[in-house]
Amino acid sequence: MKYNVRGENIEVTPALREYVEKKIGKLERYFEDSIEANVNVNLKFYNDQESKIEVTIPMTNLVLRAEEYNEDMYAAIDLVTNKLERQIRKHKTKVNRKLREQGSAKFMFANGTDEQEGAQAQTAVQEEEDQIQVVRTKRFNLKPMDSEEAILQMNMLGHNFFVFTNAETNTTNVVYQRKDGKYAIIEPTE
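Residues numbered from 1 in each chain as written. Predicted model: local features only at pLDDT ≥ 70, side-chain atom pairs only at ≥ 80, totals over all residues. Heavy atoms only, no water.

**A closer look at the overall build of the protein chain**
Going by this rule: Only DSSP runs of H or I reaching four residues or more are called helices, and only runs of E reaching two or more are called strands; each is numbered from the N terminus. Classification of residues uses two cut-offs on accessible area relative to the type maximum, computed with a 1.4 Å probe and protein chains only: under 20% is buried, over 50% is exposed, and between them is partly exposed. A contact between two residues is defined here by any heavy atoms of the two lying within 4.5 Å.
Across its full length, the protein chain holds 4 helices and 8 strands. Walking the protein chain from its N terminus toward its C terminus, one meets helices and strands in the order β-α-β-β-β-α-α-β-α-β-β-β. Here the protein chain holds 190 residues, and 31% of them are scored as buried. Within the protein chain, contacts between residues separated by at least 24 positions form 38% of all contacts whose residues are at least 6 apart in sequence.

So this is what it looks like as structure tokens:
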């Protein structure tokens with residue numbers, strides 16, 4: 001893995017960079033082959049003494065992403081690593097189960113030698129699968145509008161996201177409110 005560690009309102013010291021690489025590097029044990037991915041790590045420090053870490057690891061057929069807040073940057077790194085590990089375990093179990101059902105001998109993820117680790121991962125994934133349940137489906141016509149009108153509609157409805165047809169591009173977009181209170185738009189690529 002190649003690391004791109006950036007800091008906002010915080011200096012990325014060699015010790016901090018080394019800690020990030022050491023903790024996130026441990027995730028490689030979950031994969032059969034060495035990962036050829038760019039790990040994007042963004043460290044932020046806010047005036048109210050709170051730290052934030054965002055980690056994005058884009059790979060073929062899988063994007064791992066997590067963020068965590070904590071007063072202590074090193075604790076935030078530990079928490080985000082745990083979150084990424086849970087994502088990998090969940091995905092690993094689903095992918096390997098699907099490949100076994102198809103009779104494939106090739107697994108994307110390494111088959112753990114630790115039986116206890118495998119049992120824990122299986123239990124965690126089963127619990128998460130039991131919790132995932134679609135309880136409602138909504139259908140509606142998408143009205144062409146600009147992003148400003150979409151934000152106003154979202155706020156009027158009291159939702160934290162809004163799906164609309166972008167009047168300029170004629171594509172389906174999603175506007176949502178970020179944790180920092182600002183707005184973001186998701187657009188499809190061609």
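**Here's the deal with the packing of aromatic side chains**
For clarity, the threshold we go by: Stacked, tilted and edge-to-face are the three classes applied to pairs of Phe, Tyr and Trp rings, where Trp contributes its six-membered ring and a pair requires centres within 6.5 Å; stacked means planes under 30 degrees apart, edge-to-face means over 60, and tilted covers the rest.
All told, the structure shown has 1 aromatic pair when counted by the stated rule. Here the aromatic rings of Tyr-19 and Tyr-74 are separated by 4.9 Å at their centres, their planes lie at 75°, and the arrangement is edge-to-face. Of this pair, Tyr-19 sits in helix α1 (residues 14-25) while Tyr-74 sits in helix α2 (residues 73-101), and the two are 55 residues apart along the sequence. Relative accessible area serves as the criterion here: at 22%, Tyr-19 is assigned to the partly exposed category.

**Overview of the environment of Lys-26**
Looking at the element boundaries, Lys-26 is found in the loop between α1 and β2 (38-45). Its relative accessible area of 45% is what places Lys-26 among the partly exposed residues. Each C-alpha atom, one on Lys-26 and one on Thr-81, is 8.8 Å from the other, the two residues being 55 residues apart in sequence.

**Structural notes on the sheet that holds strand β4 (residues 62-70)**
Applied cut-off: Note on pairing: two strands pair once DSSP finds at least 2 bridges between them. An axis is simply a line fitted to the C-alpha atoms; with a helix, the fit covers only the stretch in contact. Between two such axes, the angle follows the N-to-C directions and lies from 0 to 180 degrees.
Here we have 4 strands laid out as an open sheet, ordered β1-β2-β3-β4, and mixed in their pairing. The open sheet has two free edges, formed respectively by β1 (2-8) and β4, since each of these has just one partner strand. Strand-to-strand twist across the sheet, computed as the mean angle between neighbouring axes with direction ignored, equals 10°. Direction of pairing for β2 relative to strand β3 (residues 51-59): antiparallel, over a ladder of 6 bridges. When the sheet's bridge partners are listed, Val-41 is paired in β3 with Val-55. Along the sheet, α1 contacts β1, β2 and β3; its crossing angle with β1, the most-contacted strand, is approximately 135°.

**A look at the environment of Ile-185**
Along the chain, Ile-185 turns up in strand β8 (residues 183-186). You can call Ile-185 partly exposed: its relative accessible area is 37%. Considering only alpha carbons, one finds Ile-185 and Ser-147, 38 residues apart in sequence, at a separation of 7.9 Å. When near neighbours in sequence (up to four residues on either side) are disregarded, Ile-185 contacts Ser-147, Asn-173, Val-174 and Val-175.

**Considerations on the nonpolar core**
Note the threshold: Buried Ala, Val, Leu, Ile, Met, Phe, Trp, Tyr and Cys residues that are joined via side-chain atoms within 4.5 Å together make up what is termed a nonpolar core.
Formed by 26 residues in total, the largest nonpolar core has its most connected members in Ile-24, Val-41, Ile-53, Val-55, Ile-57 and Met-59. No other element matches the 6 residues that α2 contributes to this core. Within the second largest apolar cluster, 7 residues are counted, among which are Met-145, Met-154, Phe-162 and Val-175.

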